[in-house]
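# Topology and contacts: notes
For reference, the chains in residue letters:
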Amino acid sequence: MRFRVPGLSRRSMTTIAALIGVVSVAIGAHAALNKRVGDPQSGKDVTRIDGSGPAALRFALVIGNGRYPDAAQPMVQPINDARALSGALRREGFDVDMIEDANRNDMLQAVERMKSRVTSDSTVVLFFGGYGIQSGRESYMIPVDARIWNEADVRRSGISIEAVLGTMQERGVHAKLAIVDASRRNPYERRFRAYSHGLAPINAPANALVLSSSTPGKVAEDGDGQNSILVGALLGSISSRIVSAEAAFTKARLAVTRATNGAQVPSLSSSLVDDVTLAPVTADATPASGG
């Protein structure tokens, strides 16, 4: 049976139906905003978090940068690492904001989203995989759109890891965990330095744990695996159900050191005063040891 509204022509009814269809598509697009977004041209795979969402007790900001225009070729590991670590953290109950091949604005916006979601009860994880450069006493995460020709450009184009940790501190975040896999030889430092300096020591603010892929001032070489040796070891720690974050990070550090026969020794800095958990503890679970 067909229904007609008095006073409306068939053409008007068709127009209204088309408008309803457009509105439905727009609503669907809005609902998908917080889901994974793929860019078929750049290969970006992004899981954005709505900054107006509820407070998160377990929050992770995960950044994987691999496609730097100034590099000879794209890096695969940082992207794989970001995706694998995001999946592992989600399984442990973290609300994950993941961005790939992020420019400076992308990274700053992600930090702002983090600020809007965390509270004094939150445990927050920061992961960065890509190129990092030290300048002065700070280490900088390098976005893919960085234009670096001298040391001043590092501070201008990069995002200070210490500044992001400081933002967490200002927000009163309970526990801060950072994983920095960025001690790589990069295409920028050779423009103003004789060699890549690696990263500076990353000072942990109050109640924080910072794991970096190599000893300060040292450069780590990428292996042939799908994941970096640091993230591969950390994923192993997480999958073994080690509850303590410090035990998981320590186990990953030892695994990298042994696997490379001491050629790569990750740096671990802790100021934890509480027992911070990485994997959630269930009522019937016995915490795994860190050995």
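Figured I'd write up the structure that's included with this text. (Residues numbered from 1 in each chain as written. Predicted model: local features only at pLDDT ≥ 70, side-chain atom pairs only at ≥ 80, totals over all residues. Heavy atoms only, no water.)

This part is about the overall build of the chain. Per the secondary structure count, the chain includes seven helices and 11 strands. Expressed as a percentage of its 291 residues, the buried residues of the chain come to 46%. Taking contacts inside the chain between residues at least 6 apart in sequence as the whole, the part at least 24 apart equals 73%. Summing over all exposed atoms, the chain offers an accessible surface of approximately 14,500 Å²; the carbon and sulfur share of this is 53%. (Helix = DSSP H or I, 4+ residues; strand = E, 2+ residues; numbered from the N terminus. Buried < 20%, exposed > 50% of the residue type's maximum accessible area, 1.4 Å probe, protein only. Contact = heavy atoms within 4.5 Å. Areas by Shrake-Rupley, 256 points an atom, 1.4 Å probe, with all protein chains shown as cover.)

Bringing the pairing of strand 4 (residues 95–100) into the picture now. Burial within strand 4 is extensive, with five of its six residues counted as buried. Relative to strand 4, strand 3 (residues 58–64) runs parallel, the two sharing six bridges. Bridge pairing in strand 4 links Gly-64 to Glu-100. In terms of handedness, the path from strand 3 via helix 2 (residues 77–91) over to strand 4 forms a crossover that is right-handed. (Pairing = 2+ DSSP bridges. Right-handed = clockwise from strand over helix to strand, strands pointing away.)

A few words on empty space enclosed by the protein. Taken as a whole and assessed by the stated rule, the structure comprises one cavity of 30 Å³ or more. Looking at the largest cavity, its volume works out to about 70 Å³. Taken together, Asp-181, Ser-183, Arg-184, Ser-213, Ala-220, Glu-221, Asp-222, Gly-223, Ser-228, Ile-229, Leu-230 and Gln-264 make up the lining of the largest cavity. When the residues that make up the lining of the largest cavity are grouped by side-chain class, the tally is three nonpolar, five polar and four charged. (1 Å grid on protein atoms, 1.4 Å probe; cavity = no way out; pocket = protein on both sides within 12 Å on 5 of 7 lines; lining within 4 Å. Points joined across faces, edges and corners; volume = space filled by probe spheres on them. Nonpolar A, V, L, I, M, F, W, Y, C, P; charged D, E, K, R; others polar.)

Moving on, we come to the packing of aromatic side chains. Under the criterion given, the structure shown has three aromatic pairs. With a centroid separation of 4.6 Å and an interplanar angle of 45°, the aromatic rings of Tyr-68 and Tyr-131 are classed as tilted. Placement of the pair is Tyr-68 in the loop between strand 3 and helix 2 and Tyr-131 in the loop between strand 5 (123–129) and strand 6 (132–135), with a sequence separation of 63 residues. With relative accessibility at 3%, the residue Tyr-68 sits in the buried group. For Tyr-131, a relative accessible area of 7% corresponds to the buried category. (Phe/Tyr/Trp six-rings, centres within 6.5 Å; stacked < 30°, edge-to-face > 60°.)

Volume-wise, the largest pocket comes out at about 400 Å³. In terms of lining, the largest pocket is formed by 23 residues, of which the most central are Gln-73, Met-75, Tyr-131, Arg-185 and Asp-222. Looking at the lining of the largest pocket, its residues break down into nine nonpolar, seven polar and seven charged.

Another point: the pattern of salt bridges. In this structure the tally under the stated criterion is 11 salt bridges. A salt bridge links Arg-193 to Glu-151, with the shortest nitrogen-to-oxygen separation between them at 3.3 Å. Here Arg-193, found in the loop between strand 9 (175–181) and strand 10 (208–212), pairs with Glu-151, found in helix 4 (residues 151–157); they are 42 residues apart in sequence, far enough to count as distant. With relative accessibility at 13%, the residue Arg-193 sits in the buried group. A single salt-bridge network, built from bridges that share partners, covers Glu-151, Glu-189 and Arg-193. (Salt bridge = Lys/Arg side-chain N within 4 Å of Asp/Glu carboxyl O.)

Further remarks concern helix 7 (residues 245–259). Over its 15 residues, helix 7 runs 21 Å from end to end, which matches the ideal 21 Å to within 8%, given 1.5 Å per residue. Buried within helix 7 we find Ala-245, Ala-247, Ala-248, Phe-249, Ala-252 and Val-256. The inward-facing, buried residues of helix 7 contact strand 9, strand 10, helix 6 (229–239) and strand 11 (267–270). Between the side-chain oxygen at the start of helix 7 and the backbone nitrogen of Glu-246 there is a gap of 3.3 Å, and the oxygen is on Ser-244. One or two steps after helix 7, the chain reaches Asn-261, where phi turns positive at roughly 55°. (Expected span 1.5 Å × (residues − 1). Polar contact = N/O pair within 3.5 Å; in protein donor to acceptor, adjacent residues only side chain to side chain.)

Looking now at the sheet that holds strand 8 (residues 159–160). Strands sit in the order 6-7-8 across an open sheet of three strands; the sheet is antiparallel. The outermost strands of the open sheet, each flanked by one partner alone, are strand 6 and strand 8. Bridge count for strand 7 (residues 138–141) against strand 8 is two bridges, and the pairing is antiparallel. Residue Tyr-140 lies in a different strand from strand 8, and its bridge partner there is Ser-160.

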